[in-house]
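Examining the three-dimensional arrangement
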Amino acid sequence: MKNYFLRHFQTLFFSLGQLWSTPVATLMTIAVLGITLALPAGLFVVLENAQQASGAIKDSAQISVFLKKSVSESSAKRITKKLAQNKNIERTRYISAREALAEFKKYSGFGDAIKAMKKNPLPAVIIVTPKQSAADPETLEALLKTIRNNNQVELAQLDLEWVKRLSAFLVLAKRGVWLLAVLLGLGVILTIGNTIRLAVTNRRSEIEITKLVGGTNAFIRRPFLYSGLIQGLLGAFGAWLLVQGGLLVIAEPMSQLTSLYASQLEISGLDGPQTGLLLLIGASLGWLGSRLAVGRHLREINPT
Amino acid sequence: MIQLENISKRYPGGHDALKAVTFNVKPEEMVFVTGHSGAGKSTLFKLITLIERPTRGILQVNNKNCNKLSNWRIPYFRRDIGIIFQDHKLLLDRTVFDNVALPLVVSGLNHREIQRRVRASLDKVGLLNKEKLYPLTLSGGEQQRVGIARAVVNKPPLILADEPTGNLDEKLSDEIMDLFYDFHVHGVTVMIATHDLRQLKRLQKRVIQLAEGQLVYDSENDDEYNAQ
Ligand SMILES: Nc1ncnc2c1ncn2[C@@H]1O[C@H](COP(=O)(O)OP(=O)(O)OP(=O)(O)O)[C@@H](O)[C@H]1O
Ligand SMILES: [Mg+2]
């Protein structure tokens, strides 16, 4: 048993030595693998962050309740207070028609045009902030219904349609990334397969002689499998560097962008388990690509 | 040790390299196989080591039925045969030591045992002081002896040598043949393909002659030869 592990260890070092002896070719393979793996991993990270962001935006959703023109200021305030008692509502803010107009003048730049109007075209608004616990779509929908049932309400609007659309898109995009990941995984297998095929060809006579002195196929395969595994692992590590480095580059502008929508959104890269998974996938694909290539080409080398 | 019964070999392309060859080799025997170029000597060795499969006939080597031996058993089967090739088949990027060690490495021996046996084997062929050299820095005769050391390092009961003295001078040829003779004396079955009639005369061992893939002479059935 001790011998068994020792032999594997020796083979591992032998494979490392073989890779080391052709540094340029090895680096190139690893770079190709790194880029190939970085693409789906990077997209995955971006989508993950986007999903988190859209979730945060959803949490900060507000409902704008536009009151009918006929509603008097005092009854409007009463409605505001009553709404504030709803168990799903965090707080409410009443903006009278006058205040609304002032705000609009200030921010819209249409100040002069509005001054020319005889009557205030804007209705009074109650800004309703739902509780965090009520942030899921169903509860929000129910809340909206309750508010709309009040016949003094002209229109209650949850500005969430686009967030919903975004998250639906994100689900779709994630699927797309998985599909891409599968294709690029295939690419990794083919890349490794090709380098291993070359290695097998280069060492054809060695393989032949090893077979002639009684080396089993498993024995002959072993260094190639290690070689594929190591290259896959290093490629995955390269991909990790690319993803984390890329995130550093876009972190600043990204946080500026997201701060417009929701406060304190941290961009998160690949965490421990995700990094582990990436490395595992890289190593497995390397092993698999090597196994497929070496199995195929070993059969072509006589003798059996 | 080796039993052939009506062995025929047709290569892809239709050439019949061996035609219904029948003979037996007893354990511990020493046999020369001779015949013109293209007679089928190498083909015969390839069949015995399962590098090629016979097209027809029954083949037994080392009490194993080669017709029925499945591919995955072949490596284990070959570990009991020491094969010496005319073109050495040495690994040029490995030292003499590593070349000779290869049969032991593939069967998973531990390092100390490998060292002991490789040294013993190199000692036998007189190359102990060259273990760190690479094959290309050796003379033709020395390379051939590295091949022999590798073939016997496993202590196989059967040694096959395909023209081991192909292009060596008389003195070197004698030395190498004497080495094989020595293995034979120590109980190893030895089969040697050669064109070298001088060696056949010198060693007076059994001779099998092939021509056009057919067995045309076997000294075992030649009372005159055996009487000498
Ligand atoms: N792989 C092969 N495919 C087709 N024909 C082959 C193959 N190997 C050998 N032959 C043919 O089979 C015949 C016997 O070849 P073989 O190598 O056994 O002869 P030999 O007796 O060893 O000759 P030599 O003394 O020149 O080594 C030859 O005609 C050769 O061309
Ligand atoms: Mg030959």
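Residues numbered from 1 in each chain as written. Chains lettered and ligands numbered in written order. Predicted model: local features only at pLDDT ≥ 70, side-chain atom pairs only at ≥ 80, totals over all residues. Heavy atoms only, no water.

A tally of helices and strands in chain B yields 8 helices and 10 strands. In terms of overall size, chain B behaves like a compact globule, its C-alpha atoms giving a radius of gyration of 17 Å where 228 residues would be expected to give roughly 17 Å. When its C-alpha atoms are laid out on the principal axes, chain B stretches across 45 × 40 × 35 Å. Burial analysis of chain B (228 residues in total) assigns 53% to the buried set. Of the accessible surface of chain B, which amounts to about 10700 Å², a share of 48% is contributed by carbon and sulfur atoms. The distance from the centre of the 31 positive side-chain charges to the centre of the 28 negative ones in chain B is 8 Å. (Helix = DSSP H or I, 4+ residues; strand = E, 2+ residues; numbered from the N terminus. Rg over C-alpha atoms; globule rule 2.2 N^0.38 Å. Buried < 20%, exposed > 50% of the residue type's maximum accessible area, 1.4 Å probe, protein only. Areas by Shrake-Rupley, 256 points an atom, 1.4 Å probe, with all protein chains shown as cover. Lys, Arg positive; Asp, Glu negative; His and termini not counted. Charge placed at Lys NZ, Arg CZ, Asp CG, Glu CD.)

Within chain A one finds 10 helices and 4 strands. Secondary structure elements of chain A occur, N-terminal to C-terminal, as α-α-β-α-β-α-α-β-α-β-α-α-α-α. Whereas a compact globule of 304 residues would reach a radius of gyration of roughly 19 Å, chain A reaches 31 Å, over 25% beyond that. Looking at chain A residue by residue over its 304 residues, the buried ones come to 39%. Within chain A, contacts between residues at least 6 apart in sequence are counted, and of these 83% link residues at least 24 apart. (Contact = heavy atoms within 4.5 Å.)

With that settled, the discussion passes to the pattern of salt bridges. All chains considered together, the criterion is met by 23 salt bridges over all chains. Salt-bridge contacts for A:Arg203 lead to A:Glu206; the nearest nitrogen and oxygen are separated by 3.2 Å. For the salt bridge of B:Glu170 with B:Arg198, the shortest nitrogen-to-oxygen distance reads 3.7 Å. Taken as a pair, B:Glu170 in helix H6 (residues 170-185) and B:Arg198 in helix H7 (residues 197-203) lie far apart in primary sequence, 28 residues in all. Judged by its relative accessible area of 30%, B:Arg198 falls in the partly exposed class. Among the charged side chains, a network of salt bridges with common partners joins B:Lys26, B:Glu29, B:Arg206, B:Asp218 and B:Glu220. (Salt bridge = Lys/Arg side-chain N within 4 Å of Asp/Glu carboxyl O.)

Structurally, chain A comprises domain 1 (10-57 + 164-300) and domain 2 (62-157). With centres defined by C-alpha atoms, the gap from domain 1 of chain A to domain 2 of chain A works out at 53 Å. (Domains from an automatic or database assignment.)

Let's shift gears to the pairing of strand S9 (residues 206-211) of chain B. Residue and element names in this part refer to chain B. Here strand S3 (residues 30-35) runs beside S9; their pairing, made up of 5 bridges, is parallel. In the sheet register, Thr-34 faces S9, and the bridge partner there is Gln-209. Inspection of the sheet shows S9 paired to strand S10 (residues 214-218) by 4 bridges, in the antiparallel sense. Following the sheet pairing, Gln-209 is matched in S10 by Tyr-217. (Pairing = 2+ DSSP bridges.)

Bringing the layout of surface pockets into the picture now. Computed from the structure, the largest pocket encloses a volume of approximately 730 Å³. Lining the largest pocket are 27 residues, with A:Gln10, A:Phe14, A:Phe219, B:Arg94 and B:Val105 positioned closest to its centre. Those elements that provide at least two residues to the lining of the largest pocket are helix H1 (2-21), helix H8 (204-212) and helix H9 (217-259) of chain A together with helix H3 (96-106) and helix H4 (111-124) of chain B. A total of 6 residues in the lining of the largest pocket trace back to one element, the largest contributor, which is H1(A). Residues that form the lining of the largest pocket fall into these classes: 14 nonpolar, 7 polar and 6 charged. As a volume, the second largest pocket reaches approximately 610 Å³. The wall of the second largest pocket is formed by 29 residues, among which A:Gln18, A:Leu198, A:Ala199, A:Asn202 and A:Arg203 lie closest to the centre. (1 Å grid on protein atoms, 1.4 Å probe; cavity = no way out; pocket = protein on both sides within 12 Å on 5 of 7 lines; lining within 4 Å. Points joined across faces, edges and corners; volume = space filled by probe spheres on them. Nonpolar A, V, L, I, M, F, W, Y, C, P; charged D, E, K, R; others polar.)

Many analyses report the size of an interface as the accessible area lost when the parts associate. With 21 residues of chain B at the contact, the number on the chain A side is 16 residues. With both chains or domains summed, chain B and chain A bury close to 1700 Å², and 63% of this area falls on carbon and sulfur atoms. Inspection of the region where chain B meets chain A yields 2 salt bridges. Ionic pairing is found between A:Glu206 and B:Arg94, a salt bridge with its closest N-O pair at 2.6 Å. At the boundary of chain B with chain A, the tally comes to 3 residue pairs in polar contact (both at pLDDT 80 or more). Within the residue set of the side of chain B that touches chain A, elements represented by two or more residues are helix H2 (74-78) and H3 of chain B. Its residues assigned to classes, the side of chain B that touches chain A comprises 13 nonpolar, 3 polar and 5 charged. (Buried area = accessible area lost by both parts, 1.4 Å probe. Polar contact = N/O pair within 3.5 Å; in protein donor to acceptor, adjacent residues only side chain to side chain.)

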